[in-house]
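Okay, here's what each chain looks like letter by letter:
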Amino acid sequence: MQGTMLSNEQLLFLQQEKQQLNIAKRILSDFNLPEEALNALSEAILQLDELFLIVVVGEFNSGKSALINALLGEYVLEEGVTPTTARVTLVRWGEALSEQIVNEDFAIVTYPLELLKELNLIDSPGTNAIIRRHELLTTEYVPRSDLVLFTTSADRPLTESEREFLEKILAWGKKIVLVINKADILDGQEAIEEVRAFVAQHTAGILGYAPELFVLSAKLAEKANQISDPVEKERLRKASGITDLERYITETLDDRARLELKLSNPLGVASNLLQQAEGLNQAQAEELQADLKLVSELEAMLSAYRKELTAEIKPRLAEVDNVLQNFEQRGEEFFNTNLRITNIGNLAKSDKIKAKFEEEVLAGLSQEIDAKVHAMIDWMVDKDLQIWYQVMGALERRQFVARKQAEVGPVSPQAARRTDLMASVGETIKTIVNSYNHKKEAEELSVLVEGAVAQTALFEVGAVGLGALVASTLFSAAMDVTGIVAASALAILGFFVIPYKRKQAIEGFKEKMNELRSNLMHTLELTFGREADLALSRLEAKIAPYTQGVRADQEKIARDAQVLAELKQTLEEMQDQMRTVL
Ligand SMILES: Nc1nc2c(ncn2[C@@H]2O[C@H](COP(=O)(O)OP(=O)(O)OP(=O)(O)O)[C@@H](O)[C@H]2O)c(=O)[nH]1
Ligand SMILES: [Mg+2]
């Protein structure tokens, strides 16, 4: 910062402030803010190294250029009744009056006025200039300034467009001082007071505080400047009101006050950007709600489905178990009835007794098991399709709403990306649902179940079909364990000579059947359980691009909010620290 002698402490703070603001700029540049807002911050940081800067703003024809001319004491800037000032014009100290047109938007005027060694002035095009670019220029320069001299004309005090402009620049956290110009066209003191009260009331309403307010006539001051008699000149200048403004700028705005404004200026700009970023972050968080809701809905759907499936597998398996238990019971009865002395003729011929067992106990077992297991497979395949339908429906409903929203208003790039992900996931699921082949799925599952059962060492491999596989295993086990396979008259006779042996054979049968049954049930439960999990994982994998995208956005938004909260704290700390070095 030039023009002021800074203490070591102040210099140190200035260094620190620049450093922190540059960090803030980097952070904020990740936030999709308008480019001119970020530029404003860059400029405000650079401005820390410049003289105190006052920018004069107001509608065209309010007398901004005339006001600066009055302050300079000479007609330097062009005035006119039509929109006149076309360039932002920096007025700064120079040994002689000069004008340098830098480009079509910017000019530099130098003038040898002592005051200009302490501060620079900016004359700006009217805020309501017909040429939109002029208006933009003014808006652009406000963030760089340390003080805004807001000029309104007494014949149309605080117009609608001026009020709007005030609201717009308020966000930059600038010191705003009001000038009511052209007091000479008002009829007497009463009218002046009336206008002053009106402007004071309305600006306080907009700004939230009563700003310093000066009523003056730039024209009268300019006239005074041309008078050679110093007493008369001073009297007229005083009467014009310009001396009050001058005193304010040179005395009230002393070094300390200017330093405070200068140091807080870029902090105010950064705060404004921070607020904008917070707003965007908040809007993103709100926008995300609908997607988050859908993701939770999908997750709840899948978990409910998993629960339902697990709950239903058990009673369905119990039906298979029931078939086996009935078989076991029939077997027990069979052996009780047939392992008798009266039956010794049949018993000696194992073929006969085998055939009898097949006929009375085994008959229908294979079909019964097949029927139960296939019913279970059909149920499971249907269930699987059902959940895909459910997911598809939920995605379609949300897509419909998202499309409607996009028609109504703009959506953020993130939200648009999520909608795209949702659409492509929805498309994939739709394709899968449409080409879903129940028969093929059921066959595949059936081969899988059969394979799993055949793989357990206790069951015979080779039989075609699960029922046949189980039935044939049970049959040979029953024959084997009861000793019927090895039947010889002598062995069979043993049952009757030693009744304990008969009991033992039946017990052996029951035990073996139990073992086989529990083994089979265990394998089925495992296989169906695993299949249910697999089916769910397949579906989860298909919707993952969308759900993961949403979760990633959620994390990013939360991280951003955290970063902004930290930045807010840093800026507040800088503001506090600044007060201690002033
Ligand atoms: N009666 C009266 N006229 C003034 C006063 N100040 C300026 N004017 C006249 O008002 C007209 C506009 O003044 P400017 O200084 O060109 O106004 P401006 O705000 O710079 O206008 P733009 O550059 O177009 O934005 C000129 O004709 C000035 O001479 C004043 O205090 N009283
Ligand atoms: Mg002008």
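Scroll up a little and you will see the structure.
The rules we used
Residues numbered from 1 in each chain as written. Chains lettered and ligands numbered in written order. Predicted model: local features only at pLDDT ≥ 70, side-chain atom pairs only at ≥ 80, totals over all residues. Heavy atoms only, no water. Salt bridge = Lys/Arg side-chain N within 4 Å of Asp/Glu carboxyl O. Helix = DSSP H or I, 4+ residues; strand = E, 2+ residues; numbered from the N terminus. Buried < 20%, exposed > 50% of the residue type's maximum accessible area, 1.4 Å probe, protein only. Near = heavy atom within 4 Å. Polar contact = N/O pair within 3.5 Å; in protein donor to acceptor, adjacent residues only side chain to side chain. Areas by Shrake-Rupley, 256 points an atom, 1.4 Å probe, with all protein chains shown as cover. Pairing = 2+ DSSP bridges. Axes fitted to C-alpha atoms, helices over the stretch in contact; angles between N-to-C directions. Donors = N, O, S within 2.8 Å, 3.2 Å for Na, K, Ca; no water. Expected span 1.5 Å × (residues − 1). Arc of directions from axis to C-beta. Contact = heavy atoms within 4.5 Å. Core = buried A, V, L, I, M, F, W, Y, C linked by side-chain atoms within 4.5 Å. Phe/Tyr/Trp six-rings, centres within 6.5 Å; stacked < 30°, edge-to-face > 60°. Lys NZ or Arg CZ within 6 Å of the ring centre and 35° of its normal.

1. Concerning the pattern of salt bridges
Point 1. Taken as a whole, this structure holds 35 salt bridges when the rule is applied.
Point 2. Between Glu332 and Lys510 there is a salt bridge whose closest N-O contact spans 3.5 Å. Remark: Lys510 occurs in helix α18 (residues 499–581) and Glu332 occurs in helix α10 (residues 255–338); sequence separation between them is 178 residues.
Point 3. A relative accessible area of 24% means that Glu332 is categorised as partly exposed.
Point 4. A salt bridge links Glu515 to Lys512; the shortest N-O distance between them is 3.7 Å. Taken together, the positions of Glu515 and Lys512, both in helix α18 and three residues apart, correspond to about one turn of that helix.
Point 5. Each member of the salt-bridge network shares a partner with another, and the members are Asp291, Arg398, Arg417, Arg418 and Asp553.

2. Thoughts on the site of ligand 1
Point 1. Lining the immediate environment of ligand 1, one finds 23 residues, of which Asn61, Lys64, Thr84, Thr85 and Asp184 sit closest.
Point 2. Taking Glu79, its side chain carries an N or O atom lying 3.0 Å from an oxygen atom of ligand 1.
Point 3. A distance of 2.7 Å separates an oxygen atom of ligand 1 from a polar atom in the backbone of Thr84.
Point 4. Coverage of ligand 1 by the protein chains reaches 90% of its 640 Å² of free accessible surface.
Point 5. When contributions to the shell around ligand 1 are tallied by element, the ones reaching two or more residues are α3 (64–72) and α7 (218–225).

3. Description of the sheet that holds strand β8 (residues 213–215)
Whenever strands of a sheet pair, they do so through backbone hydrogen bonds, lying parallel or antiparallel.
Point 1. Spatial ordering of the open sheet is given by β3-β4-β2-β5-β1-β6-β7-β8, a layout of eight strands whose pairing is mixed. Only two strands of the sheet have a single partner each, and these edge strands are β3 (98–103) and β8. Direction aside, neighbouring strands of the sheet carry axes that sit 20° apart on average.
Point 2. Sheet topology note: the strand β1 (residues 52–58)/strand β5 (residues 119–123) ladder contains five bridges and is parallel. In the sheet register, Val56 faces β5, and the bridge partner there is Asp123.

4. Thoughts on the side chain of Ser124
Point 1. In this structure, Ser124 sits in the loop between β5 and α4 (132–141).
Point 2. Here Ser124 falls in the buried class, since its relative accessible area comes to 1%.
Point 3. At 2.6 Å, the side chain of Ser124 and the backbone oxygen of Val56 are in polar contact.

5. Some words on the coordination of the magnesium ion (ligand 2)
Point 1. With distances of 2.0 to 2.1 Å, the protein atoms coordinating the magnesium ion (ligand 2) are Ser65 (OG) and Thr85 (OG1). Of the two residues, Ser65 sits in helix α3 while Thr85 sits in the loop between α3 and β2 (88–93), which places them 20 residues apart along the sequence.
Point 2. With a relative accessible area of 16%, Thr85 lands in the buried category.

6. Side note on unusual backbone geometry
Point 1. Located in the positive-phi region is Asn32, a residue other than glycine, with phi close to 60°.
Point 2. Structurally, the position occupied by Asn32 is in the loop between α1 (8–28) and α2 (35–47).
Point 3. Since its relative accessible area comes to 55%, Asn32 is described here as exposed.
Point 4. For Leu158, which is not a glycine, the phi torsion comes out positive at approximately 50°.
Point 5. Structurally, the position occupied by Leu158 is in the loop between β6 (147–153) and α5 (160–170).

7. Brief notes about the pairing of β3
Point 1. Pairing analysis gives five bridges linking β3 to strand β4 (residues 106–111), with the strands arranged antiparallel. Within β4, the position partnered with Gln100 by the bridge is Ile108.

8. Some remarks on helix α6 (residues 188–207)
Point 1. The terminal C-alpha atoms of α6, which comprises 20 residues, lie 28 Å apart, in line with the 28 Å expected from a rise of 1.5 Å per residue.
Point 2. Along α6, the residues classified as buried are Ala191, Ile192, Val195, Val199, Thr203, Ile206 and Leu207. Taken down its axis, α6 places every buried residue within 110° of arc, on the same side. The exposed residues of α6 that point more than 90 degrees off its buried face are Gln189, Glu190, Glu194, Gln201 and Gly205.
Point 3. Packed against the buried residues of α6 are α5, β7 (175–181) and β8.
Point 4. Count one or two residues on from α6 and you reach Gly208, which has phi positive near 85°.

9. Observations concerning the nonpolar core
Point 1. In this structure, Val391, Leu395, Ile429 and Phe528 are the most contacted members of the largest nonpolar core, which totals 75 residues.
Point 2. Secondary-structure elements contributing two or more residues to this core are α10, α12 (350–362), α13 (365–408), α14 (413–434), α15 (438–455), α16 (466–482) and α18.
Point 3. Aside from chain neighbours lying at most four places away, what touches Ile429 is Trp388, Val391, Met392, Leu395, Leu539, Lys542 and Ile543.
Point 4. Formed by 60 residues, the second largest nonpolar core is a distinct cluster that contains Val142, Leu186, Ala270 and Val581.

10. Focus: the packing of aromatic side chains
Point 1. The full count for this structure, using the stated rule, is nine aromatic pairs.
Point 2. For the ring pair Phe334 and Phe335, a centre distance of 5.4 Å and an interplane angle of 80° mean the geometry is edge-to-face.
Point 3. Given the relative accessible area of 1%, Phe335 is considered buried.
Point 4. Where Phe357 meets Phe475, the ring centres are 5.8 Å apart and the plane angle is 35°; that geometry is what we call tilted. Of the two residues, Phe357 sits in helix α12 while Phe475 sits in helix α16, which places them 118 residues apart along the sequence.
Point 5. Looking at Phe475, the relative accessible area reads 14%, which means it is buried.
Point 6. Aromatic ring contacts, followed pair by pair, group Phe327, Phe334, Phe335, Phe357, Phe475 and Phe509 into a single cluster.
Point 7. Above the ring of Phe52, the side-chain terminus of Arg258 is found at 6.0 Å from the ring centroid.

11. So, the pairing of β6
Point 1. The buried fraction of β6 amounts to seven of the seven residues, a majority that puts the element mostly inside the structure.
Point 2. Alternating residues of β6 divide into Leu147, Leu149, Thr151 and Ser153 and Val148, Phe150 and Thr152, and every residue in both groups is buried.
Point 3. Here five bridges tie β1 to β6, and the two strands are oriented parallel to one another. Among the inter-strand pairings, Val57 is bridged to a residue of β6, identified as Phe150.
Point 4. Relative to β7, β6 is paired through seven bridges, and the arrangement is parallel. Looking across to β7, one finds that Ser153 is bridged to Asn181.

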